[in-house]
Structure formats: structure tokens, C-alpha cells
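# Architecture at a glance
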Amino acid sequence: METIYETVVRTIGWASFSIGLICVPGVAIAYLLSRKEFAGKHVLSALTTLPLVLPPTAVGYLLLKVFADYGLLGPDTLGFDLRVLLTWKAVVVACSVMAFPIFVRTAKLAFDEVDPRLEDMGRTLGMSGWRVFYSVTLPLAARGLVAAMLLGFARSMGEFGATVIIAGNIPGKTQTLASAIFTAQQRGDDASATTLLWVALLVGFGIVYATERLSLRRVNTGGGRA
Amino acid sequence: MNNSPPVFDIDLRIPLQEFELELQYSGSPKSLGVFGVSGSGKTTFLECLAGLRKFYSGRIAFEGEPWLESTKEIRVRPMYRNIGYVPQDYLLFPKSDVRSNLEAGKKRLLENGLNFGEVFENVTNTLELGALLDRKVELLSGGERQRVALGRALCSGPRLLLLDEPLASLDAKLRRRILSYLLKVRDAFRMPMVVVSHSPLELQTLCDEVLVVSEGKLIAQGPPNEVFAAGGVFELAKEGGFENVFTGKVREHLGRTDIVCISDQNESVCIRVPATGSEIGRKVICSIASDDPILSLQEPTGLSARNYLRGNVDSIFDSGSRILSRVSVLEGGPEMIVELTQDAVADLNLAVGSDVYVIFKTNSVRVLV
């Protein structure tokens, strides 16, 4: 029988993995949406936001189609089996997809807050586009990007709908904190459900509090004396 | 014959909100000023020189090197223009210290084959930044920020320095200090400068040639003292605080006042000015408003005003709402623009060539640097 501790640790690991997975593409898309004008920008923006507004079960069902035998990433299409469905990989995929919109939106806000004229200054000092990005933009957006990671992590920790559809709710294998609460409640195990609820509350509160603090510091470091 | 290309060869068209700025200029001044009222497109022009604007067309060549050639689709990116740009709001990189800001352009300086250590030392000494190096930029005062922004530009090994309203956001006391730093930079680093300002006084002090832009057009160009006194420009310049600017050397301290010699040819051509705070023999830059001096046909006696200089009327002209007289102080003294009324010109029978005395009070003189 899996302990609550194991479920929590496993969920934290999957959520961390998901954030690691979406970090690079998330930052790239957030930067593009914040700084560049291109054809299809609004379509890209809408697509990245979609999982935020769709029912999680709909997203789960869509992912199920994608990884099914005849799906876009299914064995019949790729020629080999990724072995995603009903495994820990499915949990990570579901968490990544569901955390992606909140990560991109928060990261875009972080880039929006960096004065583009500071990037121009970097260019006049001989910096290449890439160097401007990592030595001017990225450090100035860092707090916002950390906030994006934290919020994405929190979203992953709480993910349920999409996960149960493609990963199931298999104790010791694909059961997450959210699905463990559901299972405990369903079988009338109030003690476990309450303990898991407290863990979820503490993690959630800690992350939202940290994000608030980061936002506050971002505002406070904007000024200076005349 | 000198066949080298001009430092600046510019033929630009820049669409602005209300009009299109058209500017043609070719010349090789050490320091080029651009004067115009707010909204005349000065900053936009500077951003085009820096390559930071998207929508502009025409031609820009710097020392013969094409930076923009719309017809040939040449548009050199800012990072390859080798410029040092100091915007009006400094734009220092926040959350880092002064040293990091000064080192931001180190890579380019090294690529240009310069010794960073030497340049860094020269810049920090000239701008007196040594004590600020480890300080966070958020903790700097306005004047310190200006010096750091200037230092950051210089530490990137630029070939051209672009200054946008370098003194606009400073109070009078700081303005005087920063002006002296700008003069030091101009003289020590010997690179062409473009200074954009709505203050004639700054451009008169810093530049040897000025372009005046108004409503999208270049309406005058030439040496600052001539340009600002020209018809159609004087009214704009006067609103911006035009004064007669001249250099001199401190000859004597007299307590609350100093004697400053204002002629290279004759050391007796001196004026009394408020205490400069400078050592004997030190160069100072002074100014006097054009409506402060009075002209007399006879040598004045019994006046409380301490300064009267012999001069010759070079020209008398109507600037639009004022009669102006350009007077050359004799024996190598400076030229001065003096505002007169129509009846004063008639009563004194003033004409080109008239011998006059230019009279003004000690406290009418401002010591700029």
C-alpha cells in the first residue's frame, strides 16, 4: 500500500519534471509573443491558452487521441511505441500540457515588464540578439520567470482531469496527489483525504505566497532616487 | 586637397505622427548639435543614427561607411554601428552595479583592438566614477546616473557618441557639473559627437556646428552663435534660453568676484564676473543674456555696472519681434548679440561700423563651467 508520503513525493517529482519540460519552449513562446510581430501571432497565443479554458477532461481525451495507436504520436504513425498511456510519462504529459498556458502567460508578463529600450541599449553597446537576451532580458525577467515556474508547478501538482484520462489512477504507478484525494474520498477514507487536502493546501499556499512576494519585489525594484 | 569623406553624410526621411522629418546634412564637425522644440523629431533623428528605428528611409554614411542606403537595401544593425548612445533617461541596466554597467560593452571594445583596462581607467578618472563602481544603479543620484551612462557608452569603444538632451533632467547646479564632464569627454576622447537638445546654451557650449529643425524641416545650420541669432531661429532660441556664450581665463580673484580675460590677443580685455571657484589661469565658459547688455556711444562714467567693452557693430537686423545687433568686442574679444529697440537704434544712429561700448553688470554674467 502506497503511503501518503510516497504519493506526495512522486507528485512533486512529476510536477518538477513537467516544468523542466515546458521551460524552454514556454520561455521561447512567451518571448515571441511579448516581443515579435508575426503572422499567426494571435493564433499561437490562442492555442497556448486553450488548455486553460477547455475542460481538463477534454484535453485528456484529446491527448488520448494523440497517443492512441492511430494518433499523431501513436505507434502506427511513428513506427514505434512511445509507451505513454497509463504510465508516469502520461502524468508528465498531462501536467505539462495543463501547466503550459499559465507558464506562458506569466512568462509573457515578465517579458512585457522589461523595457525594450534597455534591450536597444544593449544593441548599441555591440551586443548580439542572443547576448541581449541572456544578459539583459533574461536577468530582468528572472523573477517573473520564477513566478511562472512556481505557478506552473502548482497547476501541475493539482492536475486531475486530463491525468486520469490518459494516465489512469493507479496507486504506486500513476496516482497523483489530486487523484489520491479523489480515491480516498470515494472510498470514505476521511483521514487520508484530509491529510492529502492539508498537503495540497500548504503546497498551494506556499507557492501562491512566494509568487506574490516575487511580484512585490519586481514592483519595488523599479524605482530609484532622483 | 582633402579627399576623405565627410564624417556625416545624411539624407533622411522619417515619418513622425504629424509630419515627415526631412533632414539633409553633410559635414565634418567635431561636435554636431541638433536643436528644436519638443516634438520636432530630434530624438527620433538620433535613434535613426543609432539604428534603433524601424521606419525611416534615405541615406546615412558615417566617415564614408554606409549605415543606411534605402535604395540598396543597406541597413546596418545597431550592434555594428560602433556608437555610444546616451539617452535622456540614461537607461542604466537595473539590478546591477556601476561596474557591470560600465563593462556591458567590453566585448566590442576588445573586438575593436582596444585595451579595456586603459579605457576603463581613463573613463573612470575623467568622469570621477571610481567611488561609485560597486554601487547599485538604483542608489545613484541623477547626476551620477548621467555620468555612468556616459561612462558606459565610452567603455564600449565607440566611434561616435550620441547624446540625447544630456542635461535636460538635471537641476541647475548639477547641469553645470555635468556640462564640465561633457566638455572633458569631448576634449579627452576626441570622437565625433551628436548632441540633441532644446537648450541653445548647451549646444553653444558643446558644439561647433548646429542644425535647427522645425516642423519636420531643417531651417538653419552653421556655427551656433550665428545660427541662433539668425532670423526665424532667434525667437525659438530665445525661448529655449539663448545667451551669448564666450570662453575666458581666470586672471584674478577679488573675493566675491573674479576677473576673467576674454581675449586671446590682449590680456587687458577682461570682464568682472561672479566668483568662478576656478584657479587662476583656468579656462571658464561664461554667458550673458542678449537682453542684459546696453550699448553706449560714449565711454561710460559714473555707472555701477563694472563691465564695459569697446566694440564695433557688425550688423543690425530684425529677428521678427526684436532688433538685434551683433557687436564684435575689439582686440580679439567675443562677438555678442545685443537686443535693442527700434527707437534706440534710431536715437543713437546706430549703423554697421558704429563704435560702441557694451555695458553689463557683473551679476549679469553666468559662469557655466
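As a reminder, the structure under discussion sits directly above these lines.
To find leftover empty space, a probe the size of one water molecule is rolled over the atoms. Residue and element names in this part refer to chain B. For the structure on display, the rule yields 1 cavity of 30 Å³ or more. Contributions of two or more residues to the lining of the largest cavity are made by strand E12 (243-254) and strand E19 (335-340). Ranked by residue count, the leading element in the lining of the largest cavity is E19, at 3 residues. Residues of the lining of the largest cavity, tallied by class, amount to 4 nonpolar, 2 polar and 2 charged.

In terms of burial, helix H1 (residues 42-50) of chain B is a largely internal element, 8 of the 9 residues being buried. When H1(B) is considered as a whole, its buried residues turn out to be Lys42(B), Thr44(B), Phe45(B), Leu46(B), Glu47(B), Cys48(B), Leu49(B) and Ala50(B).

Relative to the helices and strands, Ala351(B) resides in the loop between helix H10 (342-347) and strand E20 (355-360). Residues in contact with Ala351(B), not counting those within four places in the same chain, are Val313(B) and Ile316(B).

Chain A puts 21 residues into the contact, and the matching count from chain B is 28 residues. Of the roughly 2,100 Å² buried between chain A and chain B on both sides combined, carbon and sulfur atoms contribute 61%. Linking chain A with chain B are 1 salt bridge. Salt-bridge contacts for Asp89(B) lead to Arg117(A); the nearest nitrogen and oxygen are separated by 2.7 Å. In this structure, the connection of chain A to chain B is made through 4 residue pairs in polar contact (both at pLDDT 80 or more). Every element with two or more residues in the side of chain A that touches chain B is listed here: helix H6 (116-124) and helix H7 (129-158) of chain A. Examining the composition of the side of chain A that touches chain B, we find that 7 residues originate from one element, H6(A), more than from any other.

Rules used in this analysis
- Residues numbered from 1 in each chain as written.
- Chains lettered and ligands numbered in written order.
- Predicted model: local features only at pLDDT ≥ 70, side-chain atom pairs only at ≥ 80, totals over all residues.
- Heavy atoms only, no water.
- 1 Å grid on protein atoms, 1.4 Å probe; cavity = no way out; pocket = protein on both sides within 12 Å on 5 of 7 lines; lining within 4 Å.
- Points joined across faces, edges and corners; volume = space filled by probe spheres on them.
- Helix = DSSP H or I, 4+ residues; strand = E, 2+ residues; numbered from the N terminus.
- Nonpolar A, V, L, I, M, F, W, Y, C, P; charged D, E, K, R; others polar.
- Buried < 20%, exposed > 50% of the residue type's maximum accessible area, 1.4 Å probe, protein only.
- Contact = heavy atoms within 4.5 Å.
- Buried area = accessible area lost by both parts, 1.4 Å probe.
- Salt bridge = Lys/Arg side-chain N within 4 Å of Asp/Glu carboxyl O.
- Polar contact = N/O pair within 3.5 Å; in protein donor to acceptor, adjacent residues only side chain to side chain.

Purely geometric numbers; function is a separate question.
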